[in-house]
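Chain by chain, the residues run as shown.
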Amino acid sequence: MTDELFEGEVFEFYPASEEKPQEIVEMEAAEDTFEISAMPEVAIADMVPAEEPEENAEEGKKKKHISQRTKNRILNTIIHIVLAVMCVVWILPFIGIVFESFRCESTGVVGYILPKQWGFDNYVRLFKETNFPRWFGNTLMMGVVTAVVQTAFQLAVAYVLSRFRFKGRKFLMNLILVFGMFPGFLTLILLYTWMYDWHLTDANAPYGLIIIYVASSGMGYYIAKGFFDTISKSLDEAARVDGATRMQIFFKLILPLSKPIVIYTILMGFMGPWGDFVMASFMANNAADGYNVAAGLQWLIDTPAKKNMNYTTFCAGGVVVALPITVLFLLLQKYYVAGVTGGAVKG
Amino acid sequence: MSKRETMELAIGGEMLPMRFLMKYSYQGEKYAAFTPACGADPSDEEGVALTHIVSAETKSKERTRQRLLFRLLTAVTCILCIIPVLCVLLTALVFVLQPDFWWVGMSGMIVAVADLIVLIPVARALARARKDRKEQKRRETAYEVLPGEGNGEVFSEFEIRYRIIEKLSKNEPLSMLEYQRLNIWRKFLYRSKMFFRGIPGWFGRKFKRLGLRLKAFGISIWENIKDIGATFKNGSWKTRVSYFFMGFGNLSHRQVLRGVLFFLFEVIFVGFMVLSGGHWLGKFGTLGTTRLEKVYDPVLDVWVDKHIDNSFKILLYGLLTIFFIAAFVYTWRLNVKQCRILDEITATGKRVKSSKEDIQSLADNEFHKTLLSLPVLGIVMFTVLPIVFMILVGFTSYDFENDGYNNLFTWCGLDNFNRVFAFGSKLSLAFGEILAWTLIWAVVATFSNYFLGMFVAMMINKKGIKIKKFWRTILVMTIAIPQFISLLYVSNLFADNGIVNATLMRWGWIDSPIRFWGNGTLAKVMVLVINIWVGIPYLMLITTGILMNIPADLYESAQIDGANAFQQFCKITMPYMLFVTGPYLLTSFVSNINNFNVIYLLTQGGPEHTAWGEVGGYIAGDTTILITWLFGITTGPEASYKMASVIGTLIFLVVSILSLVVFTIMPSTRREEDYA
């Protein structure tokens, strides 16, 4: 992985070992004896004497120096241990899922991690006996279509709100802000009825879901707008002077400059349907053909009896789903970080 | 900061920004003020405000006061230190000797805790007072023998404090420098005082602005009507015809595209209104009057449903019709306006824009219309309309039984809201507790993630830590895996027969499984802890970037001034982070209030609450937050849509009010120049 963001200089939280409060006290004491007239007019930073401390302080300094370094080393060791423990805690459940997916001796929830009998039974069952291929296909289709259309919508809204000043702009932004605060599920029942009228529920749920995901996606324009805001407007003006239309500016100038955010938006759009469980299960309404992977896999274990039968199959499904997304995510991690950081800073 | 440095600042400092002075002034112990003669900007009110001369007389008075204060504080601290010891002894005695009187012990404990809480500010004040005294003595020997050195006046800590206390007691606003002198607790008090004192004025301003807006709105409507009338009176016959046949004016001026679009819109609108819109709108007031009937069909020999009215459809399509009418009125007005403009253009003999030019401008100056058309249409149709619809449902009697098809539903005013707020009923009890837990959940989840995530980011970023990339990748990887997989697995991990319990039992640490999801309090704690597990990688990513953006010279100067790591964190890192991530904190708070996944996938609202059990056809448990409750009610067997709508509306109210308050007191909106 190549995250430029983390490369180079590293933020330093703890003071370096050379500078100690002790020293500064001495410096301050020494400074008080200076005469004002003797001081040149320079910035404060330059005035802090960087010279070696007094001879008589040498002994004490050395002692302190060593202890400081030891302290630092102990601290670093502790942090390494903490980080290692954290990594284990964070990664263990995923390793657990993988182990569960290879367990053959039973299918329910068990009290141990390592399988007693290894094999691919669960995967075979997942693809042969459940609708998983269908669910996977549904989700893949939803992911691709949503990614494309959502990116187009979000970038369009973000670009307009960042660059155009027109009547009703403030109104539109406030509208999106206010309606964004309503819990989304509120509209579940209406959307279901609506989609039902158009025969886009149950087995056709993926198509209805695409419409629902995509239609309101313009509301998530914030991160892209924050990014567009950072691109200098003088670029636009220069292009205008050269006779480019606004459309040309958008497609030929701004979009190529916004590669990270475009990729971030695509990534988010693609990953959305894989994790959406509420909408998907509600829209599909017990028609197993219309589920996405989240709804489908959850449906496999939604009662205790089914859980006892299908738990390992569920884990196998989880592995199959998580693997491609994780790989994709790690490959595009740089862009994800850029998007997330930009979004947090801009709000 | 030494006096000499201060002088330097002042002498070379004509152009030095105030925040630079501030940074130095409030970190150093000595406090310098600048007279205009000294070179600081005389118009700078902070500097001038602090320049006052305290006579020797008042000085000695203050010294006495200071001594008294110090002694008083010492005495109070001693007493406060002794009380908790006594309380704990008493509690221990009571619990050992008289377990029946446990409440005495408990109140002893509470007193001890309260006492400790009081002790903290007192001890801080004492420490300050001690420092003041020392400072005072040093000043007297160090500076007062050298009167008038340079032109700067030097004030003791105490003099400044006295002034601040005076100002506080008179309720005067403090200057920024003075505000910085307050301790954290005082700062908080001052800020909250200012906030609450500002509320009436704030509301006054808002109402005034609202009034002005309404007035402006009324005026603009009146202007529009006048304009429509004037256009009809003064316009050409083409314009007058376009009042009835939209687009006629455009067509006659050879703007074919616009004319055709206007006319088409009118045709569609009239057709819709005649065919169905009028029908829906007519029934909108009652939401239907004739019920479903079973009618015998003699041809097929079966009973068929003869449904006359469907309240749901009436409500939905009635609303849609209203939206459509609004759109039509707007378009019609646009049409009239364009006719007037066309009249004016032709009167001056200029050429009107052709259709080709129209299309070209849609790619250029009007490009925003092209870009916005589809997304905004989507937002209006799939967000605005449904939400308005569902809010309206809260004022009807729509539920599983009265579903609009088998049984009609109708308007019922504020009945549903009254049910939620009816004091003492099961529903209002449930609502109150769920709301409280939702808020606790949102606050704890947001801040625990925030601080721990930042902590982890700092640990990884620390100099001397190896394989930074590895740690980060491991954590980031967990973001990629869909939550429903990891959360469902974790939920099973802690199940009664899950791995954790089984392992603990195998090791012999426990005899019977810990019921992580069976005990209300434990489930709440577990949900919060697992949420930390979910949230840390994300926060780690965000904070890493921002932490690296903090200017390194801030830390350098802090180190030179002798700040230790903790002080640097409190005075530099935290304010900077809070400033930059303020908006993010707010959004993440809102999304935590609506955090469905974590709660639902882990506990499904989790262990049944004994006090109310089943509410609204859904078992609302201990970990249920408003959003899962809403989901449960919507999809539950009773499907009380009206209550779901009421709860949704209330969630919106809570969220929007909180956001408003937070926005008002957030540092990002207050002190923007500090880190600019």
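In this text the structure is predicted, and so the values were computed from the model without any measurement.

(A) Local environment of the overall build of chain A. Assigned secondary structure in chain A consists of 16 helices and zero strands. For chain A, the proportion of its 347 residues judged to be buried stands at 50%. When the accessible surface of chain A is split by element, carbon and sulfur atoms take 63% of a total near 16900 Å².

(B) How the structure looks around the overall build of chain B. The secondary structure content of chain B amounts to 26 helices and six strands. Scored against the burial criterion, the 676 residues of chain B give a buried share of 46%. For chain B, contacts bridging at least 24 residues in sequence account for 65% of all contacts bridging at least 6. For chain B, the accessible surface area stands at approximately 34700 Å², while carbon and sulfur atoms represent 67% of it.

(C) Focus on the confidence of the model for chain B. Residues and elements named next belong to chain B. Scored by pLDDT, chain B comes out at a mean of 77, with 83% of its residues at no less than 70. Overall, residues 1–55 carries pLDDT values under 50, and its contacts beyond four positions in sequence, including any with other chains, amount to 120 contacts. When the criterion is pLDDT under 50, residues 669–676 qualifies, and its contacts beyond four places in sequence or with other chains add up to 16 contacts. What the predictor reports for the complex is a pTM of 0.70 with an ipTM of 0.75.

(D) A look at the interface of chain B and chain A. Taken together, the contact between chain B and chain A spans 120 residues of the former and 117 residues of the latter. Carbon and sulfur atoms make up 78% of the area that chain B and chain A hide from each other, which totals about 10900 Å². Where chain B meets chain A, there are two salt bridges. There are 12 residue pairs in polar contact (both at pLDDT 80 or more) connecting chain B and chain A. Looking at the side of chain B that touches chain A element by element, the count peaks at 20 residues for helix 14 (residues 367–393) of chain B. Taken together, the residues of the side of chain B that touches chain A break down into 77 nonpolar, 28 polar and 15 charged.

(E) Structural context of a positive patch on the surface. On the surface, a cluster of positive charge is contributed by Arg205, Lys206, Arg209 and Arg213 of chain B. With respect to the element layout, Lys206 of chain B can be found in helix 8 (residues 184–234).

(F) View of the nonpolar core. In terms of nonpolar packing, the biggest core is built from 204 residues, with Tyr159 and Leu297 of chain A together with Phe389, Trp441, Trp517, Ile530 and Trp629 of chain B touching the most fellow members. With residues near it in sequence (within four places) discarded, Tyr159 of chain A still touches Phe164, Phe228, Asp236, Arg246, Ile249, Phe250 and Ile254 of chain A together with Phe367 and Leu371 of chain B.

(G) Region of the structure containing the pattern of salt bridges. Per the counting criterion, the structure on display carries 15 salt bridges over all chains. With a shortest N-O distance of 3.6 Å, Asp289 of chain A and Arg134 of chain A are connected by a salt bridge. On the criterion of sequence distance, the pair formed by Asp289 of chain A in the loop between helix 13 (278–284) and helix 14 (293–300) and Arg134 of chain A in helix 5 (residues 132–163) is long-range, its members being 155 residues apart. Under the relative-accessibility criterion, Asp289 of chain A is labelled partly exposed at 32%. Residue class for Arg134 of chain A comes out partly exposed when judged on its relative accessible area of 37%. Across the salt bridge formed by Arg333 of chain B and Asp227 of chain B, the nearest N and O atoms sit 2.9 Å from each other. Placement of the pair is Arg333 of chain B in helix 12 (residues 311–348) and Asp227 of chain B in helix 8, with a sequence separation of 106 residues. The class of Arg333 of chain B is buried, set by a relative accessible area of 13%. One network of salt bridges, with partners in common, ties together Asp227, Arg333, Arg340 and Glu344 of chain B.

(H) Local environment of the packing of helix 23 (residues 596–603) of chain B against helix 24 (residues 626–635) of chain B. Residue and element names in this part refer to chain B. Closest axis-to-axis distance for the helix 23/helix 24 pair is 9 Å, and the angle between their directions is 65 degrees. Our pair here, helix 23 against helix 24, has a crossing hand that is right-handed. On helix 24, the residues touching Phe596, Ile599 and Tyr600 of helix 23 are Ile627, Thr628 and Phe631. Residues of the contact of helix 23 with helix 24, tallied by class, amount to five nonpolar, one polar and no charged.

(I) Examining the confidence of the model for chain A more closely. Of the residues in chain A, 79% reach a pLDDT of 70 or more, and the chain-wide mean stands at 78. Residue range residues 1–21 of chain A is modelled with pLDDT below 50. Its contacts to residues more than four positions away, or to other chains, number 43 contacts.

(J) Structural detail: the packing of aromatic side chains. Taken as a whole, this structure holds 57 aromatic pairs over all chains when the rule is applied. Taking the centre distance of 5.2 Å and the plane angle of 70 degrees together, the rings of Phe272 of chain B and Phe324 of chain B count as edge-to-face. Of this pair, Phe272 of chain B sits in helix 11 (residues 256–283) while Phe324 of chain B sits in helix 12, and the two are 52 residues apart along the sequence. Ring geometry for Tyr398 of chain B versus Tyr641 of chain B: centroids 4.6 Å apart, planes at 35 degrees, classification tilted. Within this pair, whereas Tyr398 of chain B is found in the loop between helix 14 and helix 15 (415–421), its partner Tyr641 of chain B is found in helix 25 (residues 641–665), the two being separated by 243 residues in sequence. By the burial criterion, Tyr398 of chain B is buried, and Tyr641 of chain B matches it. The structure contains a cluster of three or more aromatic residues connected by ring pairs, namely Phe127, Phe132, Trp135, Phe136, Phe270, Trp274, Tyr291 and Trp299 of chain A.

(K) Looking closely at the state of the cysteines. Residue and element names in this part refer to chain B. The final tally for this structure, using the stated rule, is zero disulfides over all chains. No disulfide involves Cys78; its nearest neighbouring cysteine sulfur is the one of Cys81, lying 6.6 Å away. Classification of Cys78 as partly exposed rests on a relative accessible area of 44%.

(L) Molecular detail of the environment of Phe395 of chain B. Residues and elements named next belong to chain B. Looking at where Phe395 falls in the secondary structure, it is placed in the loop between helix 14 and helix 15. The exposure class assigned to Phe395 is partly exposed, which follows from its relative accessible area of 26%. Residues Phe395 and Met643, 248 residues apart in the sequence, show an inter-C-alpha distance of 9.5 Å.

(M) Spotlight on the side chain of Asn461 of chain B. All names here are of chain B. For Asn461, the location among the structural elements is in helix 16 (residues 426–461). Exposure remark for Asn461: the relative accessible area of 0% places this residue in the buried category. Reaching out from Asn461, the side chain makes a polar contact with the side chain of Arg472 at a distance of 2.9 Å.

(N) Highlighting helix 24 of chain B. Burial of helix 24 of chain B is extensive: nine of the 10 residues sit out of reach of the surface. Turning to helix 24 of chain B, its buried residues are Leu626, Ile627, Thr628, Trp629, Leu630, Phe631, Gly632, Ile633 and Thr634 of chain B.

(O) The side chain of Asn449 of chain B, seen in detail. Among the structural elements, Asn449 of chain B can be located in helix 16. Other than its neighbours up to four places away in sequence, Asn449 of chain B contacts Val444, Asn531, Ile532, Gly535, Ile536 and Leu539 of chain B.

(P) Region of the structure containing unusual backbone geometry. At Asp202 of chain A, a residue that is not glycine, the phi angle is positive and equals roughly 55 degrees. Tracing the backbone through its elements, the reader meets Asp202 of chain A in the loop between helix 7 (188–197) and helix 8 (205–215). The exposure class assigned to Asp202 of chain A is partly exposed, which follows from its relative accessible area of 25%. The phi dihedral of Ile467 of chain B falls on the positive side, at around 40 degrees, and the residue is not glycine. Counting through the fold element by element, Ile467 of chain B comes out in the loop between helix 16 and helix 17 (468–480).

(Q) Molecular detail of helix 13 (residues 355–362) of chain B. Residue and element names in this part refer to chain B. Buried residues of helix 13: Ser355, Asp358 and Ser361, and no others. Buried positions in helix 13, seen along its axis, are confined to an arc of 120 degrees and lie on one side of it. For helix 13, the exposed residues lying more than 90 degrees away from the buried face are Lys356 and Ile359. Considering only its buried residues, helix 13 is in contact with helix 11 and helix 14.

(R) Molecular detail of the packing of helix 8 of chain B against helix 12 of chain B. All names here are of chain B. At a minimum axis separation of 10 Å, helix 8 and helix 12 run at an interaxial angle of 50 degrees. When the interaxial angle is binned, helix 8 and helix 12 end up oblique. Once helix 8 is placed against helix 12, the crossing between them reads as left-handed. On helix 12, the residues that touch Asn224, Asp227, Ile228 and Thr231 of helix 8 are Trp332, Arg333, Val336 and Arg340. The residue makeup of the contact of helix 8 with helix 12, split by class, is three nonpolar, two polar and three charged.

Procedures and definitions
- Residues numbered from 1 in each chain as written.
- Chains lettered and ligands numbered in written order.
- Predicted model: local features only at pLDDT ≥ 70, side-chain atom pairs only at ≥ 80, totals over all residues.
- Heavy atoms only, no water.
- Helix = DSSP H or I, 4+ residues; strand = E, 2+ residues; numbered from the N terminus.
- Buried < 20%, exposed > 50% of the residue type's maximum accessible area, 1.4 Å probe, protein only.
- Areas by Shrake-Rupley, 256 points an atom, 1.4 Å probe, with all protein chains shown as cover.
- Contact = heavy atoms within 4.5 Å.
- pLDDT = per-residue confidence, 0-100.
- Buried area = accessible area lost by both parts, 1.4 Å probe.
- Salt bridge = Lys/Arg side-chain N within 4 Å of Asp/Glu carboxyl O.
- Polar contact = N/O pair within 3.5 Å; in protein donor to acceptor, adjacent residues only side chain to side chain.
- Nonpolar A, V, L, I, M, F, W, Y, C, P; charged D, E, K, R; others polar.
- Patch = residues over 30% accessible without salt bridge, like charges linked within 9 Å, V, L, I, M, F, W, Y side chains within 5 Å.
- Lys, Arg positive; Asp, Glu negative; His and termini not counted.
- Charge placed at Lys NZ, Arg CZ, Asp CG, Glu CD.
- Core = buried A, V, L, I, M, F, W, Y, C linked by side-chain atoms within 4.5 Å.
- Axes fitted to C-alpha atoms, helices over the stretch in contact; angles between N-to-C directions.
- Left-handed = near helix turned anticlockwise from the far one by under 90°.
- Phe/Tyr/Trp six-rings, centres within 6.5 Å; stacked < 30°, edge-to-face > 60°.
- Disulfide = S-S within 2.5 Å.
- Arc of directions from axis to C-beta.
- Parallel < 35°, antiparallel > 145°, perpendicular 65-115°, else oblique.

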